Amino acid sequence: MYAQMVDTGVAKVRDVAEMTQEERAFQDRIDADVKVEPKDWMPDAYRRTLIRQIQQHAHSEIVGMLPEGNWITRAPSLQRKATLMAKVQDEGGHGLYLYCAAETLGVSRDAMVADLHAGKVKYSSIFNYPTLTWADIGTIGWLVDGAAIMNQIPLCRCSFGPYARAMIRVCKEESFHQRQGYDIMLALCRGTPEQKVMAQDALNRWWWPSLMMFGPPDAASVHSAQSARWKIKLLSNDELRQRFVDQTVPQADYLGLKVPDDRLAWSAERGHYDFGEIDWQEFHEVIKGNGPCNRERMQTRIKAWEDGAWVREAALAHAEKHAARERQAA
Amino acid sequence: MSSEWPLWEIFIRSQHGLAHKHVGSLHAVDAQMAIRNARDVYTRRNEGISIWVARSADIHASSPGDKEALFEPSNDKVYRHPTFFPMPDDVKHI
């Protein structure tokens, strides 16, 4: 998802007998759905895992502004342009809510940015794909934001208070993102044959990467099990992926688009859509940094950070000078 | 130079006559910038009509360890709630 394959740093899930008294009390509170707040005692592994997870989530929001920002100057109408700017601004806002939530755990903003730029912390694989046509902007809103909502709604109930509260704000805003995307797709699919072809092409390219957003299959992931225990992951990767497919296929049908999966079929027996194999090798390559746009995304982020350094320094110096003057006058 | 901008806590008062409510935090060099940034980060959809900002460093909080000492004494004082006093059904407007 926006936070994929978060390392919990544990080799296996500890059972009650192996826990210290403090850890047991902590787990009891989580089991009773009591929220953990920043100043409460928490196991180091819980703190470290959450820092990684929230940080990855925040970086994804920020890097996620790049593929869409690519189309702001080329949006087909003033209304589409204003809408896209508002959407991209929201993504920036979501990144900021999340950085703040991570900071309550004792990590600094600069340290998180440094970790991203050094490649120590990832962001979602999905943002390493290019946005080649205007239909990609529609598809991202529809599929990528749709997948994000699927993941983020359960996180509104996660055990860490500041993260849960940030997710509530994010979810309130995210539904606009998905709808504006679907609205773009509707316009294209009701348009000329060329526009419809463009919409189909975008779906063909984004479908599988969107399914990969939910992360690797559940089978034997110790990190997922520990995160579930701590209630910082509420539904499994496969469960969320299935929900996403079930929800999205009828929406594609309505548009008159074909999902690029020959094995996609409704299973009356399971009450779900069956779907084909995901190319996990591609996923791991993208995660490792070998996706179509990994290098470009990182270069753009690092350049923005470095080019902005003098502004950050000057603003701080200016504020300090003013504060000193006020002290003198007092 | 890598000196981080100070952190500010942001409080927003919504339109419905409620008190200012904590909504999150952000980095800014001074109070004026904190208010401007809070406008963009926390009120993009008419969430409020007033913003308070306070440096996070200036906020003092009770400690989770003091929770029992601070809040338990009120647990056994149920007579502070009106429901402690049952009223006869025939008595109205009370």
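What comes next is a walk through the structure. Keep in mind the model is a prediction, meaning the values are calculated, not measured.

### Concerning unusual backbone geometry
(1) Moving on: You will see that A:K231, though not glycine, has its phi angle at about 55°, which is positive.
(2) Moving on: Mapped onto the elements, A:K231 comes out in the loop between α9 (222-229) and α10 (237-255).
(3) Moving on: Phi at B:H93 is positive, roughly 55°, even though this residue is not glycine.
(4) Moving on: Along the polypeptide, B:H93 turns up in the segment after α2 (67-71).
(5) Moving on: A relative accessible area of 85% means that B:H93 is categorised as exposed.

### Observations concerning the nonpolar core
(1) Moving on: Counting residues in hydrophobic clusters, the biggest one holds 54 residues, and the most contacted among them are A:W134, A:W142, A:V144, A:W206, A:W207, A:F244 and A:L255.
(2) Moving on: When contributions to this core are tallied by element, the ones reaching two or more residues are α4 (78-103), α6 (134-155), α7 (161-189), α8 (193-212), α10 and α11 (280-290) of chain A.
(3) Moving on: Considering each element in turn, this core owes the most residues, 10 residues, to α6(A).
(4) Moving on: Every residue in contact with A:L255, bar those within four places of it in the chain, is listed here: A:W142, A:Y182, A:M185, A:L186, A:C189 and A:K196.
(5) Moving on: Judged by nonpolar contacts, the second largest core, of 43 residues, contains A:Y46, A:L155, A:I232 and B:V41.

### Points about the interface of chain A and chain B
(1) Moving on: Each partner contributes residues to the interface: chain A has 22 residues there, and chain B has 24 residues.
(2) Moving on: When the two sides are added together, the surface that chain A and chain B hide from each other amounts to roughly 1900 Å², 53% of it contributed by carbon and sulfur.
(3) Moving on: When residues of chain A are sorted by the area they lose upon contact with chain B, A:K39, A:R169 and A:L316 head the list and together hold 27% of the total.
(4) Moving on: A:D90 serves as the salt-bridge partner of B:R45, at 2.5 Å between the closest nitrogen and oxygen.
(5) Moving on: Counting across the interface, chain A meets chain B through 11 residue pairs in polar contact (both at pLDDT 80 or more).

### Quick word on the packing of helix α2 (residues 44-63) of chain A against α4(A)
Residue and element names in this part refer to chain A.
(1) Moving on: Their axes nearest at 8 Å, the elements α2 and α4 cross at an angle of 160°. The angle between α2 and α4 places the two elements in the roughly antiparallel class. The way α2 lies across α4 gives a crossing that is left-handed. Contacts between α2 and α4 involve I54, H57, A58, H59, E61 and I62 from the first element and E91, G92, H94, G95, L98, Y99, A101 and A102 from the second.

### With respect to the environment of B:R44
(1) Moving on: Looking at where B:R44 falls in the secondary structure, it is placed in the loop between α1 (31-42) and β3 (50-55).
(2) Moving on: We classify B:R44 as buried; its relative accessible area is 19%.
(3) Moving on: For the pair B:R44 and B:S62, spaced 18 residues apart in the sequence, the C-alpha separation amounts to 32 Å.
(4) Moving on: Engagement of the side chain of B:R44 in a polar contact is seen with the side chain of A:D90, the distance being 2.7 Å.
(5) Moving on: In terms of polar contacts, B:R44 uses its side chain to reach the side chain of A:E173, at 2.9 Å.

### A look at the sheet that holds strand β1 (residues 7-13) of chain B
Residues and elements named next belong to chain B.
(1) Moving on: The sheet built from three strands is open, its strands ordered β2-β1-β3 with antiparallel pairing. Unpaired on one side and paired on the other, β2 (21-27) and β3 mark the two borders of the sheet. The average angle at which neighbouring strand axes cross in this sheet is 30°, direction not considered.
(2) Moving on: Taken together, the six bridges between β1 and β3 define a ladder with antiparallel strand orientation. Looking at β3, one finds that I10 is bridged to V53.

Parameters at a glance
Residues numbered from 1 in each chain as written. Chains lettered and ligands numbered in written order. Predicted model: local features only at pLDDT ≥ 70, side-chain atom pairs only at ≥ 80, totals over all residues. Heavy atoms only, no water. Helix = DSSP H or I, 4+ residues; strand = E, 2+ residues; numbered from the N terminus. Buried < 20%, exposed > 50% of the residue type's maximum accessible area, 1.4 Å probe, protein only. Core = buried A, V, L, I, M, F, W, Y, C linked by side-chain atoms within 4.5 Å. Contact = heavy atoms within 4.5 Å. Buried area = accessible area lost by both parts, 1.4 Å probe. Salt bridge = Lys/Arg side-chain N within 4 Å of Asp/Glu carboxyl O. Polar contact = N/O pair within 3.5 Å; in protein donor to acceptor, adjacent residues only side chain to side chain. Axes fitted to C-alpha atoms, helices over the stretch in contact; angles between N-to-C directions. Parallel < 35°, antiparallel > 145°, perpendicular 65-115°, else oblique. Left-handed = near helix turned anticlockwise from the far one by under 90°. Pairing = 2+ DSSP bridges.

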